[in-house]
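Letter by letter, the chains look like this.
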Amino acid sequence: MNNNTEKNIIEIENLEKSYENGHIKALNGIDLKIKEGEFVSIIGPSGSGKSTLLNMLGALDIADNGSIKVADYDLSKNKKLDEFRSKKIGFIFQLHNLIPNISVLENIEIPMFETKLSGKERNNRAIELLDIVGLKDKSKKKPTKLSGGERQRVAIARALANDPSIILADEPTGSLDSRTSKKILEQLNKLHKEKNVTLIIVTHDMNVAKLADRVIEVLDGKIIESSDNSLLNDNIKIYG
Ligand SMILES: Nc1ncnc2c1ncn2[C@@H]1O[C@H](COP(=O)(O)OP(=O)(O)O)[C@@H](O)[C@H]1O
Ligand SMILES: [Mg+2]
């Protein structure tokens, strides 16, 4: 961890979320604090509530009960969530969600439409971001012309567009081969280290989880284990 600050960027207390009129309890009392600049991985079996938790952190969904504060925004109060998302959060999904019929460059520009940047500035920034993920030469291509790993790198560039404080990644390497996964992870880890970005990755892959400062294990909508990486041992199961 980058120990230059001890501030909590995330504070969650007793967070609950259910679906289907309360029949499915996706989150069942989550308490969690994450420090600014920390790299946390979230593991747990399918259906345990990992994506729901990540969606709450990114204000893509709203909890039923409990409190959730992220980067000085009180998300339970349900105000200015668009501003919060565009200023603070970079989201990377398993299936990258790029828009297929516009260029790679235009895909990266999309989050910047919510800012005051001019067209020229958006363009320059998108090129700079493509350079960071090593895809400057592909800027004019449509996502459909890229490999899975390249698309995921575009998704990373897009997530970085507005210089987020927090990157939320939901199984970002789930659809990639191990060599490409490693590259993607190296890139995310580099951002975390160099820019003190708080990085939260949901993953099935223990090789990914092990890179984090802390591994959080979720089961039935609850956190059942939170281990410092230095204490990682065989008690943590490998899912998937
Ligand atoms: N939009 C939704 N509507 C109904 N049930 C949902 C919805 N999203 C998630 N769930 C349910 O909530 C539980 C947790 O899901 P999820 O957070 O996606 O788990 P994970 O990401 O760990 O696989 C599961 O039982 C899932 O079926
Ligand atoms: Mg999920």
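Residues numbered from 1 in each chain as written. Chains lettered and ligands numbered in written order. Predicted model: local features only at pLDDT ≥ 70, side-chain atom pairs only at ≥ 80, totals over all residues. Heavy atoms only, no water.

Q: Kindly report on the site of ligand 1, identifying the contributing residues and their values.
A: Surveying the vicinity of ligand 1 reveals the residues Y19, E20, I24, A26, P45, S46, G47, S48, G49, K50, S51 and T52. Measuring from an oxygen atom of ligand 1, one finds a side-chain N or O atom of T52 at 2.5 Å. Here ligand 1, which alone exposes 560 Å², has 62% of that area covered by the protein. Counting residues per element, the ones that place at least two in the shell around ligand 1 are β2 (24-35) and α1 (50-57). Tallying contributions element by element places α1 first for the shell around ligand 1, with 3 residues. Across the shell around ligand 1, the residue classes break down as 4 nonpolar, 6 polar and 2 charged. (Near = heavy atom within 4 Å. Polar contact = N/O pair within 3.5 Å; in protein donor to acceptor, adjacent residues only side chain to side chain. Areas by Shrake-Rupley, 256 points an atom, 1.4 Å probe, with all protein chains shown as cover. Helix = DSSP H or I, 4+ residues; strand = E, 2+ residues; numbered from the N terminus. Nonpolar A, V, L, I, M, F, W, Y, C, P; charged D, E, K, R; others polar.)

Q: With reference to specific residues and values, describe the sheet that holds strand β10 (residues 222-228).
A: Strand order in the open sheet formed by 6 strands is β6-β7-β8-β3-β9-β10, with mixed pairing between adjacent strands. Two strands bound the open sheet, and with one partner strand each, they are β6 (89-92) and β10. Adjacent strand axes in the sheet meet at a mean angle of 15°, parallel and antiparallel pairs treated alike. (Pairing = 2+ DSSP bridges. Axes fitted to C-alpha atoms, helices over the stretch in contact; angles between N-to-C directions.)

Q: Which residues make up the pattern of salt bridges, and what values go with them?
A: Across all of its chains, the model carries 10 salt bridges by this definition. Here K7 and D72 are joined by a salt bridge, their closest N and O atoms 3.5 Å apart. One end of the pair, K7, is in the segment before β1 (8-19); the other, D72, is in the loop between β4 (65-70) and β5 (73-74), and 65 residues separate them in sequence. Two residues, E150 and K138, come together in a salt bridge whose shortest N-O distance is 3.5 Å. One end of the pair, E150, is in helix α5 (residues 148-159); the other, K138, is in the loop between α4 (119-132) and α5, and 12 residues separate them in sequence. (Salt bridge = Lys/Arg side-chain N within 4 Å of Asp/Glu carboxyl O.)

Remember, this is a structural readout, not a statement about activity or role.
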